[in-house]
Every structure is written in structure tokens, then in C-alpha cells.
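Coordinate inspection notes
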Amino acid sequence: MPLYPEIEPYDHGMLDVGDGNHVYWEVCGNRRGKPAVVLHGGPGTGSNPFLRRYFDPAAYRIVLLDQRGCGRSTPHASAYDTDMSVNTTAHIIADLELLRAHLGIERWLVWGVSWGSVLGLRYAQTHPGAVSELVLTAVATGASREVALMTRGLGQFFPEAFERFLAELPEDEDKREGNLAAAYNRLIESPDPEVRARAARAWTDWETAMAPAPPRSIPRYEDPVFRMGFARTVTHYWGNDHFLGEGNEEGVVLRDAPRLKDIPGTLVQGSLDPGNLLGTVWRLHHAWPGSELIMIDDVGHNAGAADAVDALVATTDRYAASR
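Residues numbered from 1 in each chain as written. Predicted model: local features only at pLDDT ≥ 70, side-chain atom pairs only at ≥ 80, totals over all residues. Heavy atoms only, no water.

1. Considering the pairing of strand β8 (residues 292-296)
Pairing between strand β7 (residues 265-270) and β8: 5 bridges, direction parallel. Bridged to V268 within β8 is I294. (Pairing = 2+ DSSP bridges. Helix = DSSP H or I, 4+ residues; strand = E, 2+ residues; numbered from the N terminus.)

Structure, rendered in C-alpha cells:
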């Protein structure tokens, strides 16, 4: 099933969530439709109009937001004086609850991609009464072993790019065993703007090297503001176990998956997603009673691939009938 046509919001605003932060939100579709909230990836990418199109605008009241520090939310993580200590998983979950109350929504379907799937899962585990269904794609759980795979484990498959990635780190960093995301975050928090800029560039080069395209080919990474805000935010989260607490080696989200037993959910996963090397999506599916797993052949970490789009749109169409 194809994406729905492009639409524009009928309402939007900036929500004061405290700590000096204001979160951008928008609503489109049917004012009386089934509420759904869309959680973007990253952390730190910001939302995208493309994400509106996974939902039938005649059936859904579609809520999008830019999470703290990214997109149109303020202050932006690219600014050196932005306080990142108040940008954590718990803070964003609290922001979602403030936004839900602000919009007068009792329960909403939660749709999440990549990091948004981590956030959606943890939100549903801690606020199950607020979630009617979960639709997750490019699934991750935020476990520290997933971060280790993305920052170190995949180096054997991309040895030249990995060598460049390590070369940016100071000699006193533990390049063999240390947390590489945390090491990069220390560079990005440097008072020296040149050090920060070079580290952000190296980080996005590594992110791109793992995608089916040459380094530096993703247009958004060529925007220095986006590049800095994204690299700062993702290393902040990855370097701190996604702020999920102790015991996150195997995954706090996986551990608490049984809490989702009363929430219907669908996982749409590409068969070539790197996270599959750890069995993440299968383990989540089997730990979550009543969940549905749809595997898409020959697709990686990409919710925009045609077959993934078909599955995601069919899923939201199916859940639209449940109010």
C-alpha cells in the first residue's frame, strides 16, 4: 500500500516543558480521528513531514513533535551552551505526557522508528494506560550491546571507515575496550570549537559509512547545525546507556517487555537491519505477549523502503478501526 498524500498541519505550537526547553509539536489529519503520536529517530534527527504519510488522514489525528534539542525545539543541541543534562529518556517521556495532556488526548497509538522505537517501548512500559497500540520499525531497544555493535562490532565489516573513525580519538582513549560513543561525546563537549566540529564530522562519516552510500553522501549531514546537534545528541544518549539505568547490557527494555502484554503491537523489521545480528527484534517479539513481527526481505534499517512502507501503512490502516 502506498504512502498517503502529503498534508499540512492544522495546528502547531511550542510547548514549555520546563528546564528552559520548548518542544515543537504539530497536529494534522482528522480533528476527531484516532490519536497517534510519531516518534522520530536519532536521538536528535527531528521530525519529518514524510512521517505524516504513514497514516490515513481521514482516520487519524496525527501528532508529530521534535524531541528536546532538535528540529524546531529550543534550545538546539548544536549550541554549545545548551544544557544536555536535562535531555534524557525520562525527560522526553515526561514531555510526551505533557503534550498528551495539552492536546486533551486520553490514549494514542505510538509509532516509532529506530531510536523512536526505543522511546516508544519505554514510554509504553512506564505509561501503559496512555498507549492504545504500538507500531515500531527499524526496531532497537537501547541496550548497551546494541551501541557496542554499531560503534565497534560493525568495524570488521567496514575496516577502512572504522580506522578513520578511531583515528579521530585521542591517544589516551581506550580504543580497544572503551565506550566509543562516550569518547566522541567528550570531544563534542570540548570548549574548542574546532575539536567539536571535527568530531561531529567524523561521527557522521562513520554513520554514513554503514549505509549503502559513500561517506558524506547524506544531505542532512552537510548542514553543520544539523550535524553538530545530531552528533552531540546521539553520542550523549549512546554514551550513557540511553539513560535507561543499571542492567542495560542486555536491555532494560527487553527485560520489561512483559509489561506490554495488554498493548497490541506490530514490529516491522528489515531482514538486513544490523540490529538483527543480536537477535534484538526476535527476542523482543518473543518476550512481548501478543506482539506481531513482520520481516521485510532485503531491507535494512530503512522505514522508507517500498515493502516496509506497504507493511507500515497496512498496519496503521488496520489499527484505525480500533478506537
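2. Looking at the side chain of Q269
Mapped onto the elements of the fold, Q269 is located in strand β7. On the accessibility criterion, Q269 (0% relative accessible area) is buried. Side chain to side chain, Q269 and N276 meet in a polar contact 3.0 Å long. Those residues in contact with Q269, other than ones at most four positions away along the chain, are T137, A138, V139, N276, V281, L293, I294, M295 and I296. (Buried < 20%, exposed > 50% of the residue type's maximum accessible area, 1.4 Å probe, protein only. Polar contact = N/O pair within 3.5 Å; in protein donor to acceptor, adjacent residues only side chain to side chain. Contact = heavy atoms within 4.5 Å.)

3. Looking at helix α5 (residues 180-188)
Every α-helix carries 3.6 residues per turn, so stepping three or four residues along brings you back to the same face. In terms of residue burial, α5 counts as a mostly covered element, since 8 of its 9 residues are buried. Looking at α5, one finds that the buried residues are L180, A181, A182, A183, Y184, N185, L187 and I188. Looking at the buried positions of α5, the neighbouring elements they touch are α3 (144-151), α4 (159-167), α6 (193-209) and α7 (224-238). By the N-cap criterion, in which a side-chain oxygen at the helix start approaches the backbone nitrogen of a residue two or three places on, α5 is capped by N179, the distance to A181 being 3.0 Å.

4. A look at the sheet that holds strand β3 (residues 34-39)
With respect to topology, 8 strands assemble into an open sheet ordered β1-β2-β4-β3-β5-β6-β7-β8, the strand pairing being mixed. Of all strands in the sheet, those bounded by a partner on one side alone are β1 (11-18) and β8. Each adjacent strand pair in this sheet contributes to an overall mean axis angle of 20°, direction not counted. Pairing geometry for β3 and strand β5 (residues 108-113), over 4 bridges, is parallel. Of the residues in β5, the one forming a bridge with A36 is L109. (Axes fitted to C-alpha atoms, helices over the stretch in contact; angles between N-to-C directions.)

5. Description of the packing of α4 against α6
For the pair α4 and α6, the least separation of the axes is 9 Å and the interaxial angle reads 165°. In terms of orientation, α4 lies roughly antiparallel with respect to α6. Where α4 crosses over α6, the handedness of that crossing is left-handed. Packed against α4, whose contacting residues are A161, F162 and F165, the element α6 presents A202, W203, W206 and A209 at the interface. Tallied by class, residues from the contact of α4 with α6 come to 7 nonpolar, no polar and no charged. (Parallel < 35°, antiparallel > 145°, perpendicular 65-115°, else oblique. Left-handed = near helix turned anticlockwise from the far one by under 90°. Nonpolar A, V, L, I, M, F, W, Y, C, P; charged D, E, K, R; others polar.)

6. A look at the packing of aromatic side chains
A ring pair, where both rings are aromatic, is described by two values, the distance of the centres and the angle of the planes. The final tally for this structure, using the stated rule, is 17 aromatic pairs. On the numbers, 4.7 Å between centres and 5° between planes, the contact of F165 with Y184 is stacked. Of the two residues, F165 is situated in helix α4 and Y184 in helix α5; the sequence distance between them amounts to 19 residues. We classify F165 as buried; its relative accessible area is 2%. For Y184, a relative accessible area of 0% corresponds to the buried category. Judged by centre distance (5.8 Å) and plane angle (10°), the rings of F226 and F230 are stacked. (Phe/Tyr/Trp six-rings, centres within 6.5 Å; stacked < 30°, edge-to-face > 60°.)

Geometry only, nothing functional implied.
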